[in-house]
Amino acid sequence: MLFAYNPLFRAYNESGLHLVANTLLYPAGPSAAPQQRRPAAPSSVAAARAAAAAAPVQPNLGGEWRPITIEVATSDLARTEAIVDGYTAKAQTATAGGSAYLVIPNPDGLQVDEHPFLRDLLRDLGSADIPLRSVVG
């Protein structure tokens, strides 16, 4: 019997109790022979590897699991970049559907309230009357 959690932990006691009971009390029946896993065909493995190798490599923004993304209107991109450049030269921009996205690396994966300059940056963007569509950090 294999558990992904401690079945006797008090929060899981009621929900996992039937698993323990079934394991201990259920009569042993004829065990099924383990099924052999059929290996993938060599051609499909080679095709999957070729597809993975051909996929474009995403840029490493440092702390890629938690970069800071600021969305503004495309018309406000130049003013936003001017302010962001005062804090970091590493921001990358992209535009789509009338929105501009500035992605700021966060190599330490800091929370928004822990970041050394994000609060000041957002305050300066607000002082410049740049409406923010979203901020994700």
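About the criteria used
Residues numbered from 1 in each chain as written. Predicted model: local features only at pLDDT ≥ 70, side-chain atom pairs only at ≥ 80, totals over all residues. Heavy atoms only, no water. Helix = DSSP H or I, 4+ residues; strand = E, 2+ residues; numbered from the N terminus. Contact = heavy atoms within 4.5 Å. Pairing = 2+ DSSP bridges. Axes fitted to C-alpha atoms, helices over the stretch in contact; angles between N-to-C directions. Core = buried A, V, L, I, M, F, W, Y, C linked by side-chain atoms within 4.5 Å. Buried < 20%, exposed > 50% of the residue type's maximum accessible area, 1.4 Å probe, protein only. Salt bridge = Lys/Arg side-chain N within 4 Å of Asp/Glu carboxyl O.

A. Focus on the environment of alanine 94. Along the chain, the position of alanine 94 falls in strand E2 (residues 92-96). Along the primary structure alanine 94 and leucine 77 are separated by 17 residues, whereas in three dimensions their C-alpha atoms are 9.8 Å apart. Sequence-distant contacts of alanine 94, that is, excluding residues within four places in its chain, are made with Ser99, Ala100 and Tyr101.

B. Focus on the sheet that holds strand E3 (residues 99-104). Across the sheet, four strands lie side by side as E2-E3-E1-E4; this open sheet has antiparallel pairing. The open sheet has two free edges, formed respectively by E2 and strand E4 (132-136), since each of these has just one partner strand. Strand-to-strand twist across the sheet, computed as the mean angle between neighbouring axes with direction ignored, equals 15 degrees. As paired strands, strand E1 (residues 68-73) and E3 are joined by six bridges and run antiparallel to one another. Bridged to isoleucine 70 within E3 is leucine 102. Strands in contact with helix H4 (residues 118-127) are E1, E3 and E4; relative to E1, the strand with the most contacts, it is inclined by about 5 degrees.

C. Geometry of the nonpolar core. By size, the foremost hydrophobic cluster in this structure holds 14 residues, and its most contacted members are Ile70, Val72, Ile104, Leu121 and Leu125. If you list the elements that add at least two residues to this core, you get E1, helix H3 (77-84), E3 and H4. Not counting residues up to four positions away in its chain, the partners in contact with isoleucine 104 are Pro67, Ile68, Ile70, Val84, Thr88, Ala91, Phe117 and Leu121.

D. Main features of the pattern of salt bridges. Counted under the stated rule, the structure contains two salt bridges. Aspartate 76 is paired through a salt bridge with arginine 79; the nearest N and O atoms lie 3.1 Å apart. Residue class for aspartate 76 comes out buried when judged on its relative accessible area of 10%. The exposure class of arginine 79 is partly exposed, given its relative accessible area of 38%.

By themselves, these figures tell us nothing about what the structure is for.
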